[in-house]
Amino acid sequence: MEVVVKSNPANAPMHYGPYVAGVLPVPDSHITPVLFSHYEATKEFNKINQDIFEQKQKAKSIDRKKTPKPVLIAAGGAILFTLYKIIKRRFK
């Protein structure tokens, strides 16, 4: 009895090529880290925070929803009717 294992094409991405031992390719360029002093970093951070704060203040008035006028008129009418009933009962 012989066991035959068929290669599954779904597993093809899992199989890597042979290991390559040798010289590693050098990157074209590398990122040089930029060092800031604590003073400069704090200054930049405060500037960004100020910009964000100003934008939030501008957007706050836009985001605010107003009560529709018919609702205010209906509430005012209900208050006046209630006051009318209270005064009428008081002086009866």
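Residues numbered from 1 in each chain as written. Predicted model: local features only at pLDDT ≥ 70, side-chain atom pairs only at ≥ 80, totals over all residues. Heavy atoms only, no water.

## Side note on the overall build of the protein
Link 1 in the chain: Each helix and strand in the protein was counted, giving two helices and zero strands.
Link 2 in the chain: Out of the 92 residues belonging to the protein, those deemed buried represent 0%.
Link 3 in the chain: As presented, the protein carries roughly 10,400 Å² of accessible surface, and 65% of it is formed by carbon and sulfur atoms. (Helix = DSSP H or I, 4+ residues; strand = E, 2+ residues; numbered from the N terminus. Buried < 20%, exposed > 50% of the residue type's maximum accessible area, 1.4 Å probe, protein only. Areas by Shrake-Rupley, 256 points an atom, 1.4 Å probe, with all protein chains shown as cover.)

## Considerations on a nonpolar patch on the surface
Link 1 in the chain: Side chains of Ile 79, Leu 80, Leu 83, Ile 86, Ile 87 and Phe 91 sit close together on the surface and give an oily, nonpolar patch of about 670 Å² of accessible area.
Link 2 in the chain: Along the polypeptide, Leu 80 turns up in helix α2 (residues 69-90).
Link 3 in the chain: On the accessibility criterion, Leu 80 (60% relative accessible area) is exposed. (Patch = residues over 30% accessible without salt bridge, like charges linked within 9 Å, V, L, I, M, F, W, Y side chains within 5 Å. Salt bridge = Lys/Arg side-chain N within 4 Å of Asp/Glu carboxyl O.)

## Focus on a positive patch on the surface
Link 1 in the chain: A surface patch of positive charge is lined by Lys 85, Lys 88, Arg 89 and Lys 92.
Link 2 in the chain: Looking at the element boundaries, Lys 88 is found in helix α2. (Lys, Arg positive; Asp, Glu negative; His and termini not counted. Charge placed at Lys NZ, Arg CZ, Asp CG, Glu CD.)

In short, the description is geometric, and any link to function would need to be established separately.
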